[in-house]
Amino acid sequence: MNILDLPPAPEDSDPVILPGLLSGLGILPRRVPAWITDPDLIASIKAGLMDLPDDLGGGH
């Protein structure tokens, strides 16, 4: 699916800001799945050095 395939939002709707964008800009902390327990890996994810695909629980 392409974003252009989606129906347009109503003009009076609130804007949607994706949490991934906010965490990428450093506004929100990066999410770390609960199943990751290694402190070094957690620090790497939070620092933005490692990115997890959404299907591994790194998404929203």
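The subject of this paragraph is the overall build of the protein. Check the secondary structure of the protein and you find 2 helices and 0 strands. Classification of the 60 residues of the protein by burial places 12% in the buried group. A fraction of 23% describes how many contacts in the protein between residues 6 or more apart in sequence connect residues 24 or more apart. Just so you have it, the protein exposes about 5200 Å², and 61% of that area is on carbon and sulfur atoms.

Two to three positions downstream of the cap, the backbone nitrogen of Asp 40 sits 2.7 Å from a side-chain oxygen, assigning the N-cap of helix H2 (residues 39-46) to Asp 38. Remark: Gly 48 follows H2 within two positions and exhibits a positive phi of approximately 85°.

Residues Val 16, Ile 17, Leu 18, Leu 21, Leu 25, Ile 27 and Leu 28 make up a contiguous nonpolar surface patch of about 750 Å² in total accessible area. Following the sequence through the fold, Leu 21 ends up in helix H1 (residues 19-24).

The rules behind the values
- Residue indices follow the written sequence of each chain, beginning from 1 at its first position.
- In keeping with the model being predicted, local features are shown solely for residues with a pLDDT of at least 70 and side-chain atom pairs are shown and tallied solely at 80 or more, while totals for entire chains, interfaces and linings include all residues.
- In computing side-chain properties, one takes all heavy atoms of the structure into account and sets aside hydrogens as well as water.
- Strands are runs of DSSP state E lasting at least two residues, helices are runs of H or I lasting at least four, and both sets are numbered from the N terminus onward.
- The rule is simple: take the accessible area with a 1.4 Å probe, protein chains only, and divide by the maximum for that residue type; under 20% is buried, over 50% is exposed, in between is partly exposed.
- Any two residues whose heavy atoms approach within 4.5 Å at even a single point are treated as in contact.
- Shrake-Rupley sampling with a 1.4 Å probe provides the accessible areas, and residues are treated as covered by the protein chains on show and by no other component.
- Pairing of N or O atoms within 3.5 Å defines a polar contact, subject to two protein rules: one partner must be a possible hydrogen donor and the other a possible acceptor, and residues neighboring in sequence count only if both atoms are side-chain atoms.
- Patch building starts from residues that exceed 30% relative accessible area and form no salt bridge, then joins like charges within 9 Å and nonpolar side chains (Val, Leu, Ile, Met, Phe, Trp, Tyr) within 5 Å.
- Should a side-chain nitrogen of Lys or Arg be within 4 Å of a carboxyl oxygen of Asp or Glu, the pair is scored as a salt bridge.

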